[in-house]
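Notes for the structure review
Next come the chains, spelled out residue by residue.
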Amino acid sequence: MAIASIIIPTYNDNEQLEKCIQALQQQDLPRDEYEIILVNNNPGNPLPQLSDNVVVLDEPIPGSYAARNKGLQKAKGDYIFFTDSDCIPSSDWISSALSFFSNQKVDRIAGHVSLFYSSSPPSIYEKLDYVTAFNQKTNAKNGVSVTANLIVRRTIFDQVGNFNAKLLSGGDIEWNKRATKAGYSIIYNPTSVVRHPARGSLQELKTKMRRVAGGKVSSGNLKLLRAIKISLSSWDNICSISKSKELDLADKVKCVLIVQLLKCYGTMCALLILLKLSSPQRK
């Protein structure tokens, strides 16, 4: 029986998905110790040819959290590993987490997400994403983790419940807050690593901001006044930019300006959704 179940939602991302599956097939564990559950969130889109150790499920309900819930129904492992179809797990991703569980009294692991550049030289947008995205160490201190690299004891879902399938964004944070409130621990593990491409264009960053704004509104965590003020709440990103050794002074100035632009855009998206003039989107 599999010790670990890896659940991956996918939505029209076949090229990146193949790289993810290939990395998972090169883990330093025997394949009978883990299972790969792939949940296609667009059943009308055919997936690439996959090996026989990959279970493919269809979930027509829109959203990665609905897809992850479908994967949980099938999962047989004692430990549930979540990642995304555009992530590339390290060869010891699973074994490192299992070792961490055995040596630490912990219920959840927030694994490290290492960003990489897809272009050379990288664009200013890639540099910004590289510096500001996926701070899992801080996430764990706050009792949460992104599902790009989240590992959970299976029994916790029996107590806390599944993800909120109505959310198109932010469902990982919402679920982890419930788990933390219920008393389940979470620790950052820098050795359980997945790699994620840095977003390379302004449009990609705007898409993320729109999705995040929609997720906050849908979860009830964003009221009208807060939506108006959200464009001012960029201090964490500005601090990361100012401390970065990846950026020279000119790049730092550009990144701060882009962050402010994106926050204003996110505010506009949130207001439109709150006023019922737009709806949350995943893409």
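Higher on the page you've got the structure.
Quick summary incoming for the structure in this document. (Residues numbered from 1 in each chain as written. Predicted model: local features only at pLDDT ≥ 70, side-chain atom pairs only at ≥ 80, totals over all residues. Heavy atoms only, no water.)

Some words on the overall build of the protein
Each helix and strand counted, the protein has 11 helices and 8 strands in total. Computed over its C-alpha atoms, the radius of gyration of the protein comes to 19 Å, within 12% of the 19 Å expected for a compact globule of 283 residues. In the protein, which comprises 283 residues, the proportion classed as buried is 49%. Taking as baseline every contact in the protein between residues at least 6 positions apart, the subset at least 24 positions apart corresponds to 76%. Total accessible area computed for the protein in this model is approximately 13600 Å², and 53% of it derives from carbon and sulfur atoms. Across the protein, the centroid of the 35 positively charged side chains sits 10 Å from that of the 25 negatively charged ones. (Helix = DSSP H or I, 4+ residues; strand = E, 2+ residues; numbered from the N terminus. Rg over C-alpha atoms; globule rule 2.2 N^0.38 Å. Buried < 20%, exposed > 50% of the residue type's maximum accessible area, 1.4 Å probe, protein only. Contact = heavy atoms within 4.5 Å. Areas by Shrake-Rupley, 256 points an atom, 1.4 Å probe, with all protein chains shown as cover. Lys, Arg positive; Asp, Glu negative; His and termini not counted. Charge placed at Lys NZ, Arg CZ, Asp CG, Glu CD.)

As for the nonpolar core
Within the largest apolar cluster, 32 residues are counted, with the highest numbers of intra-cluster contacts made by Ile6, Ile8, Phe81, Trp93 and Ile94. Elements that contribute at least two residues to this core include exactly strand 1 (4-10), helix 1 (14-24), strand 2 (34-40), strand 4 (79-82), helix 3 (93-103) and strand 6 (108-116). In terms of residue count, helix 3 provides more of this core than any other element does, 6 residues in total. In contact with Ile8, not counting residues within four places along its chain, are Cys20, Ile21, Leu24, Ile36, Ile37, Leu38, Val39, Thr83, Asp84 and Ser85. Judged by nonpolar contacts, the second largest core, of 19 residues, contains Ala67, Ala75, Ile80 and Leu167. (Core = buried A, V, L, I, M, F, W, Y, C linked by side-chain atoms within 4.5 Å.)

Quick notes on the pairing of strand 8 (residues 186-197)
Bridging between strand 5 (residues 88-89) and strand 8 involves 2 bridges; their strand directions are antiparallel. Pairing of Pro89 across the sheet is with Val194, part of strand 8. Both strand 6 and strand 8 contribute to a ladder of 9 bridges, which runs parallel. Bridge assignment links Leu115 to a residue of strand 8, and that residue is His196. (Pairing = 2+ DSSP bridges.)

A short note on the packing of helix 4 (residues 124-132) against helix 11 (residues 249-274)
Contact geometry for helix 4 and helix 11: axes closest at 10 Å, N-to-C directions at 80 degrees. Overall, the two elements helix 4 and helix 11 adopt an arrangement that is roughly perpendicular. Within the contact between the two elements, helix 4 uses Ile124, Tyr125, Lys127 and Leu128 and helix 11 uses Asp251, Lys254, Cys255, Ile258, Val259 and Leu262. Residues of the contact of helix 4 with helix 11, tallied by class, amount to 7 nonpolar, no polar and 3 charged. (Axes fitted to C-alpha atoms, helices over the stretch in contact; angles between N-to-C directions. Parallel < 35°, antiparallel > 145°, perpendicular 65-115°, else oblique. Nonpolar A, V, L, I, M, F, W, Y, C, P; charged D, E, K, R; others polar.)

Quick notes on the sheet that holds strand 4
The strand order across the open sheet formed by 8 strands is 3-2-1-4-7-6-8-5, and the pairing between neighbours is mixed. Bordering the open sheet on either side are strand 3 (54-58) and strand 5, each of which pairs with just one other strand. Against the sheet, helix 1 touches strand 1, strand 2, strand 3 and strand 5, its axis set at about 175 degrees to strand 1. Those strands touched by helix 7 (residues 171-181) are strand 6, strand 7 (150-153) and strand 8, and its axis lies near 150 degrees from that of strand 6.

Overview of the packing of aromatic side chains
Inspection of the entire model under this criterion finds 9 aromatic pairs. Each ring, one from Phe163 and one from Trp175, has its centre 5.8 Å from the other, and the planes form 50 degrees; the classification is tilted. Within this pair, whereas Phe163 is found in the loop between helix 6 (154-160) and helix 7, its partner Trp175 is found in helix 7, the two being separated by 12 residues in sequence. A single burial state applies to Phe163 and to Trp175, both of which are buried. Taken together, the aromatic side chains of Tyr65, Phe82, Phe157, Phe163 and Trp175 make up a single cluster linked through ring pairs. (Phe/Tyr/Trp six-rings, centres within 6.5 Å; stacked < 30°, edge-to-face > 60°.)

Some remarks on the environment of Asp78
Looking at the secondary structure, you find Asp78 in the loop between helix 2 (64-74) and strand 4. For Asp78, a relative accessible area of 48% translates into the label partly exposed. Separated by 75 residues in the primary sequence, Asp78 and Arg153 place their C-alpha atoms 6.2 Å from one another.

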